[in-house]
Structures are given as structure tokens and as C-alpha cells.
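# Observations on the three-dimensional arrangement
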Amino acid sequence: MPKKSVADLVCAGRRIFIRADFNVPFDANRQITDDRRIQQCLPTIRHVINHRGRAILTSHLGRPTGDKKTDREFSLQPVADRLRDLLERPVAFCAECVGPKADAAVAAMKDGDVLLLENLRFHPEETMIDLAKKNPDKKLTAEQDARRDTFARGLARHAEMYVNNAFGTCHRKHVSMYDVPALLPSGNRVLGFLVERELQYLGEALRSPKRPFVAVLGGAKVSDKIGVIRSLLDVADRILIGGAMTYTFWAARGQGVGTSLCERDKLDLARELIAQAGDKLVLPGDSVAAAELRAGVATRTVEGPLPDNLMGLDIGPQSVERFTSIIATARTILWNGPVGAFETPPFDAGTTAVARAIAAASGQGAISIVGGGDSAAAVEQAGLAERFTHISTGGGASLEFLEKRKFATIDILDDA
Ligand code: AMP
């Protein structure tokens, strides 16, 4: 069921809680080094204020520890300054997100105003749900639950309407993502434009992809991607595997992997996936290997099994060729995870070649989706971002969506 969008809200005179993702990177001088996450929220903010709504912005930033001195670096104040420049209008900032100061800042708002509240994660209650995993019964204690509830109510009282525009956090049932909309009246809990776009591309690829649909999955661990591989086996025509994951699959087939990263405790699982996938699963046949992972180290291209003293750090040239030719025939391509240790040249070659192949297919009309995180960074690094159909803003979130095809934080919003 599609969800309501911010475009459906009657904003005038209303207090609108916008959960954004302003988790931007900073340099040592506290200067924002990349403001794309702020830019990506502008259409939603502009929509609300152009329709005379009151935009109450919230976000997390980094992982504050509770230490007052060091936590200062996680303040959202610099984001308020950047928003002011980008929106070319005043943006009020409140150094609290709940409590009397925040209540007063919200009460002072007029129609069309923008207010940014301080980092939600200055309150451990925001992410307290994550602690449940550590408790023996996987639930929060009554005391933890009560603290969360108080925090949620402190936030929810600011607003009458709720906009989820934080795709990168959609896989987390944090207070601002789940409990705040749960507390607000139904009818006006909606998707922001950014989340709408993300769900549209990822959802479409899973529901009714143009075929052939080719997925490229890389990265370090099979264990992180098992669920995604299983889920994609239902819909994808081909799944190309790269990265260190390769060697868990190789080891499962009894093939020598040298000193490569390999999850020995996942071999049974890998065998199961190989059996289930048949020829849908395409594994690299050769590797670029070295004695260690270090820039400038001597490398060797090895076909098939690796000798005991070498580790595979990138897909080899034959695999690049094979992957490239499969990608060239695809009409939908979904990519998640680098196919080599791309941060350390020359082991970036395979990943760059995959990025180029997908960009080229995109130029021929294929839909190309990159699932955030490292592969998005690789696409940027190669200067190819413009040539992709969609680059997700959430690595973890897009992986979880590919696996489970839903988010509790979206289900709680109102249907269109
Ligand atoms: P993930 O977070 O699982 O997507 O993994 C991404 C990381 O996997 C990146 O830091 C890559 O450098 C790393 N990686 C990819 N291929 C290899 C490999 N063959 N050996 C070691 N690390 C790798």
C-alpha cells in the first residue's frame, strides 16, 4: 500500500515534525565537508514552508557518548548555519530537542518558519531500543521503556504532523522514527520526498524489474548479505558476487583461498546458497592477489585457487570481463558492496570497472541503482554519479529493504 506523501499535507499554520538525516561529515576544524544530505532534504523543507507550514527539523549526528566535553562536536548548530545559507532565509536553532527550551522555541514559530532542534542522540532514549538485543529476553526493561516513552512524548508534543525524510535510519525503530509518528494522530504522518524516491526505486526493482535484472553484491562478509542474496534469488536473473565474500563461497566448494578473508563458520550456509541458486549465482574465477593488503604491494593475477601465501583482494581481469558482459545485457542493475578492497589501490580496479560497466548500461537505458555505503563512495570516486539512475542515501537501510522489503518505520505512516 503506497503511503501518503508530504505533497498531500495541508501545511498552512501546522507544526510539522520533519525527521531528517543531517548526519554529515566534518573536518578537524568543524567544517562540513559534504553537505549533500542537507541538500537532499531541501525540497521537503521548501515544500512545507512555501505552503506556510512550520518546519520543525530533527536529526541525529554521529554517535555521542554522553561525555559533555567531547559531545560538543556532535552539535547540529553548524547544520543550522548551512541550512540558512542554502535556504536563504532565517533558520532558528534550539540547543535542546525536548524540554522547556524546545517547547518555547516551537511556540515562538510563525507560519513558514524553520527551526532545527539539537541532535536527537544527545538523549540515549532515542536509540535505547538497540539495547533490547543485549537483554536476555530481547526486550527493554520497564525502566528503559518508561524513559523512551517520556522522550517520545517530549518530541511528539512539538507537532501535529510527521514527515519521515531520513531514509538512512528507516531500518532503525528509534524513537524519532517510530514512536513519535505512533503518538501523533493518524492522517498526517507521511513520507518526505527523499524517502518517497528511495522506496520508489528500490520497491520497483523488487516488484517489477525490467529484465534481465542483474544484482552485483560485494563487500567483506557473506553473513551480512545472506538475507539479501536469498531475497534477490526470487527476483534477480543473475547475482554477481565479488569482494571478500567470494572466498567464503570458494572455500565452500573446496577451492583454495590462501590467506583471503573467509568466514569458515559460514561454509554450510554458502553451500546451501550455491545449491539453491544454480547458475543464477556468478562467482569470480580469478583474483588480483598479494601477500598483504597495503598500497604499493606487489600483486599477482591468479586464475582459480589461491596459493597458501596469497590473499585475494580484487576480482581478476577475466572476471571483470565476464561481469562487464553480463551487466551490458541487463535492463535493471542493482549494486551493493565493492568487489575488491577498493580503498587501497590497485585493488580498486575491479570496483571501478564494475562502476563503469553499470554507468555504460545506464547510458543504454538500463535502470541502475546503487545501494549506498561503499559502492556509492566508489561511484562518486570514479566521477560517475551523474550517470546512475539512483544512488541510495542509506547503505544499511537499502540492504535491509532488499532483504525484508518493508520497514516498520514506514508501515506506521498513513496510507495514501
Ligand atoms: P561491506 O561493509 O561488507 O560492504 O564491505 C566493504 C569492505 O569490504 C570494504 O572496506 C572493502 O575494502 C572490503 N573488501 C572488499 N573486497 C575485499 C577483499 N577481497 N579482501 C579484503 N577486503 C575486501
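In case you missed it, the structure is sitting above this.
These numbers come from a predicted model, not from an experiment. (Residues numbered from 1 in each chain as written. Predicted model: local features only at pLDDT ≥ 70, side-chain atom pairs only at ≥ 80, totals over all residues. Heavy atoms only, no water.)

Within the chain, the regular secondary structure consists of 16 helices and 15 strands. At 23 Å, the chain has a C-alpha radius of gyration in line with the 22 Å of a compact globule built from 416 residues. When the 416 residues of the chain are sorted by exposure, 52% land in the buried category. Pairs at least 24 residues apart make up 72% of the contacts formed inside the chain by residues separated by at least 6 positions. Looking at the chain as shown, the accessible area adds up to about 18100 Å², and 49% of this sits on carbon and sulfur atoms. If the 54 positive side-chain charges of the chain are averaged to one point and the 52 negative ones to another, these points end up 3 Å apart. (Helix = DSSP H or I, 4+ residues; strand = E, 2+ residues; numbered from the N terminus. Rg over C-alpha atoms; globule rule 2.2 N^0.38 Å. Buried < 20%, exposed > 50% of the residue type's maximum accessible area, 1.4 Å probe, protein only. Contact = heavy atoms within 4.5 Å. Areas by Shrake-Rupley, 256 points an atom, 1.4 Å probe, with all protein chains shown as cover. Lys, Arg positive; Asp, Glu negative; His and termini not counted. Charge placed at Lys NZ, Arg CZ, Asp CG, Glu CD.)

Glancing now at the environment of Pro284. By secondary structure assignment, the location of Pro284 is in the loop between strand E9 (281-282) and strand E10 (286-290). With 32 residues separating them along the chain, Pro284 and Gly316 place their C-alpha atoms 7.6 Å apart. Setting aside residues up to four positions removed in sequence, Pro284 forms contacts with Ile241, Gly242, Thr246, Trp250, Ile315, Ser319 and Phe323.

Right, let's get into the nonpolar core. In terms of nonpolar packing, the biggest core is built from 70 residues, with Leu155, Ile229, Leu232, Ile239, Ile241 and Phe249 touching the most fellow members. Of all the elements, helix H9 (residues 222-235) adds the most residues to this core, at seven residues. When residues of this core are assigned to domains, at least three map to each of domain 1 (6-196) and domain 2 (209-404). Beyond its immediate stretch of four places on either side in the chain, Ile239 contacts Ala215, Leu217, Ile229, Leu232, Leu233, Lys280, Leu281 and Val282. In this structure, Leu9, Ile38, Leu42 and Met161 belong to the second largest nonpolar core, which totals 29 residues. (Core = buried A, V, L, I, M, F, W, Y, C linked by side-chain atoms within 4.5 Å. Domains from an automatic or database assignment.)

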